[in-house]
Amino acid sequence: MIELLTTRHNPMVDPTLHVWEWQIPVYLFLGGWVAGSMVLTGYLQRQARAPGQSSVGDRLPWIGLVLISLGMGALFLDLEHKLYVWRMYLTLQPLSPMSWGGWILLLVYPVLALGALATLADGWLDRWPAIAAFARQLQSHTATRWLSLANIVVGIALGIYTGILLSSLGARPLWASAVLGPLFLVSGLSAGAAFAHVIAPDHREQEQLLRFDNLFLMTELGLIALFLIGLLTVGAVHAQAAQLLLGGPFTAVFWVLVVGLGILLPLAIQSLMVAGRIPHTIVAPLLVLLGGLALRFVIVYAGQHSEWISL
Amino acid sequence: MARFGMVIDTKRCVGCMDCVVACKTENDVPDGHCRDWISQRLQGEMPDLRLTITSERCNHCDSPPCVTCCPTGASHVQDFGKVVLVDHGKCIGCKACLAACPYGARFIHPEGYADKCTFCMHRVERGQMPACVDVCPTRCMHFGDLDDPESEVSRLIATRRHFVLKPDAGTRPRIFYLE
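Just so you know, these numbers come straight off a predicted model, no measurement behind them. (Residues numbered from 1 in each chain as written. Chains lettered and ligands numbered in written order. Predicted model: local features only at pLDDT ≥ 70, side-chain atom pairs only at ≥ 80, totals over all residues. Heavy atoms only, no water.)

Asker: Explain the overall build of chain B to me, using residue names and the numbers behind them.
Answerer: The helix and strand tally for chain B stands at six helices and 10 strands. Relative to its length of 179 residues, chain B is compact, with a C-alpha radius of gyration of 16 Å against a globular reference of 16 Å. In terms of overall dimensions, chain B has a C-alpha envelope of 50 × 40 × 30 Å along the principal axes. Counting all 179 residues of chain B, 62% fall into the buried class. Within chain B, contacts between residues at least 6 apart in sequence are counted, and of these 57% link residues at least 24 apart. Averaging the coordinates of the 22 positive side-chain charges in chain B and doing the same for the 23 negative ones gives two points 2 Å apart. (Helix = DSSP H or I, 4+ residues; strand = E, 2+ residues; numbered from the N terminus. Rg over C-alpha atoms; globule rule 2.2 N^0.38 Å. Buried < 20%, exposed > 50% of the residue type's maximum accessible area, 1.4 Å probe, protein only. Contact = heavy atoms within 4.5 Å. Lys, Arg positive; Asp, Glu negative; His and termini not counted. Charge placed at Lys NZ, Arg CZ, Asp CG, Glu CD.)

This is the structure:
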């Protein structure tokens, strides 16, 4: 038996760590969603299409700009020393994923903005001939290939960083897993594909995105299994942290919201949609988005709850 | 180059909290916050119980996760004494360092920056001891250069059984507790 009494009473630290509230999970979710959208945009930009044929890849950069701005807004709200935020951009701390993330976010904006500009039809830009000429250059085959590559690379970096950001904070055993990076990336890809399916103007693209999303959801299930197996087998401290999701205070919300409603149910519905058994519905994609948000909330909150066992 | 550390004798510590009060006074620690604190661990089964009292604070680790995670370099290891400090003017209040510290040694100052024990560097640079060490009525706290084999802290560590807090966290803390 060990009983620990302490006179410490610092806000956000005691009785259990709670430094991050809704802002961080929301940012991680929106960042992951944008990351997934960028990777899909990059892929769709490489697809051959008939002249005049519209693609959801034309809409995603615009939506990405809105989502990442909302995400960064949430991130800014979380900061306690807000007026000093510019300090992020006077340095690159090579060992800090948060520092890398700050710079990756700076890359996200121009890539999304160029992608958005490239989708503008001439009529929109008649009043700004210089911008119109630049937009036409962006529509060239070479520029499209480069933009597609930039979307994929920056999207993957953004998606993985949101997971590594947590896993680098080794004091929280639940986060001490290299799987978090790929898990958040795949979850972001899933959210991106689910949402793109809803707004895709073309039925063929909708089918393709559904198949992608099913693949992402199955991969996500596998990564969640690896995440838990890793925690359960690496040592006592991590196994205790895993119990938060396997019999602790976060178990119900994790298995019901994240795995059940966020992965298994939409996977089942979307499999029926792909098989042509039921018509397309927005229910499944909405559940995927809900599950992605719930995943970030559970991991961020439960991770803060986990700690190294005292002496 | 010095590498400061602390040795605390748990056989002598009575948990009087003088160190806590001295720190709050010396460093103007805001109400409702503390840079150091007292913990009591009761271990064993009745009737074989053991009570260990420890005066705790930032461990100024040799592998400080709070420094590596900091996105602005505000958390840093100072050359003099290899002490872990926070540059308030660089801190954005992201709280990554609070999450990265396995000891819960940091908090957010009401002005928005991360705050914690500094080993009273402003006193040490003047040749004084940290305030907590200075006021301890049982003389259970010792401060000095761990790299100097002749220092009091080095001799205590070499000759007495000791432990550190949460060694498995891999941070290589520099506060040693004598058993």
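Asker: Go over the overall build of chain A with me, naming the residues and quoting the values.
Answerer: The helix and strand tally for chain A stands at 10 helices and one strand. Ordered by position from the N terminus, the helices and strands of chain A form the series β-α-α-α-α-α-α-α-α-α-α. Principal-axis analysis of the C-alpha atoms gives chain A an extent of 75 × 55 × 25 Å. Evaluated residue by residue, chain A yields a buried proportion of 51% over its 311 residues. Look at the contacts in chain A between residues 6 or more apart in sequence, and 75% of them connect residues 24 or more apart. Roughly 13600 Å² of accessible area belongs to chain A as shown, and the carbon and sulfur atoms make up 71% of that amount. (Areas by Shrake-Rupley, 256 points an atom, 1.4 Å probe, with all protein chains shown as cover.)

Asker: Give a detailed account of the state of the cysteines, specifying residues and quantitative values.
Answerer: Defined simply, a disulfide is a covalent bond joining two cysteines at their sulfur atoms. Residue and element names in this part refer to chain B. Considering all chains together, one arrives at zero disulfides over all chains under this definition. Sulfur of Cys13: no disulfide; nearest cysteine sulfur belongs to Cys140 and is 4.4 Å away. Free cysteine Cys19: the closest other cysteine sulfur is in Cys16, separated by 6.3 Å. (Disulfide = S-S within 2.5 Å.)

Asker: I'd like a description of the confidence of the model for chain B, backed by residues and values.
Answerer: Of all residues in chain B, 100% have pLDDT values of 70 or greater, and the mean over the chain is 96. The ipTM assigned to the predicted complex is 0.92, against a pTM of 0.94. (pLDDT = per-residue confidence, 0-100.)

Asker: Outline the interface of chain A and chain B, listing residues and values.
Answerer: Taken together, the contact between chain A and chain B spans 40 residues of the former and 48 residues of the latter. Of the roughly 3800 Å² buried where chain A meets chain B, counting both sides, 60% is carbon and sulfur surface. On inspection of chain A and its partner chain B, the count reaches two salt bridges. Linking Lys95 of chain B and Glu80 of chain A is a salt bridge whose minimum nitrogen-to-oxygen distance equals 2.9 Å. Where chain A touches chain B, the interface holds 22 residue pairs in polar contact (both at pLDDT 80 or more). Going through the elements one at a time, strand E1 (2–6) and helix H3 (97–118) of chain A are the ones with two or more residues in the side of chain A that touches chain B. Top contributing element to the side of chain A that touches chain B by residue count: E1 of chain A, with five residues. (Buried area = accessible area lost by both parts, 1.4 Å probe. Salt bridge = Lys/Arg side-chain N within 4 Å of Asp/Glu carboxyl O. Polar contact = N/O pair within 3.5 Å; in protein donor to acceptor, adjacent residues only side chain to side chain.)

Asker: So what's going on with unusual backbone geometry? Residues and values would help.
Answerer: Along the chain, Asp14 of chain A connects to Pro15 of chain A via a cis peptide bond; the corresponding omega equals 5°. Residues other than glycine seldom take positive phi values, yet Met12 of chain A does so here, at roughly 75°. Relative to the helices and strands, Met12 of chain A resides in the loop between E1 and helix H1 (23–45). Positioned with a positive phi, Met17 of chain B is a non-glycine residue whose angle comes to about 75°. Within the secondary structure layout, Met17 of chain B lies in the loop between strand E1 (4–9) and helix H1 (18–27).

Asker: Report on the pattern of salt bridges, specifying residues and quantitative values.
Answerer: All names here are of chain B. One pass over the full model with this rule turns up 15 salt bridges over all chains. For Asp147, the salt bridge goes to Arg3, with nearest N and O atoms at 2.9 Å. Of this pair, Asp147 sits in the loop between strand E8 (141–145) and helix H6 (152–159) while Arg3 sits in the segment before E1, and the two are 144 residues apart along the sequence. Since its relative accessible area comes to 43%, Asp147 is described here as partly exposed. Overlapping salt bridges bring together Arg3, Asp62, Asp147 and Arg174 as one network.

Asker: Give a detailed account of a nonpolar patch on the surface, specifying residues and quantitative values.
Answerer: Residues Leu92, Trp100, Trp103 and Leu106 of chain A make up a contiguous nonpolar surface patch of roughly 370 Å² in combined accessible area. Checked against the element boundaries, Leu106 of chain A lands in helix H3. (Patch = residues over 30% accessible without salt bridge, like charges linked within 9 Å, V, L, I, M, F, W, Y side chains within 5 Å.)

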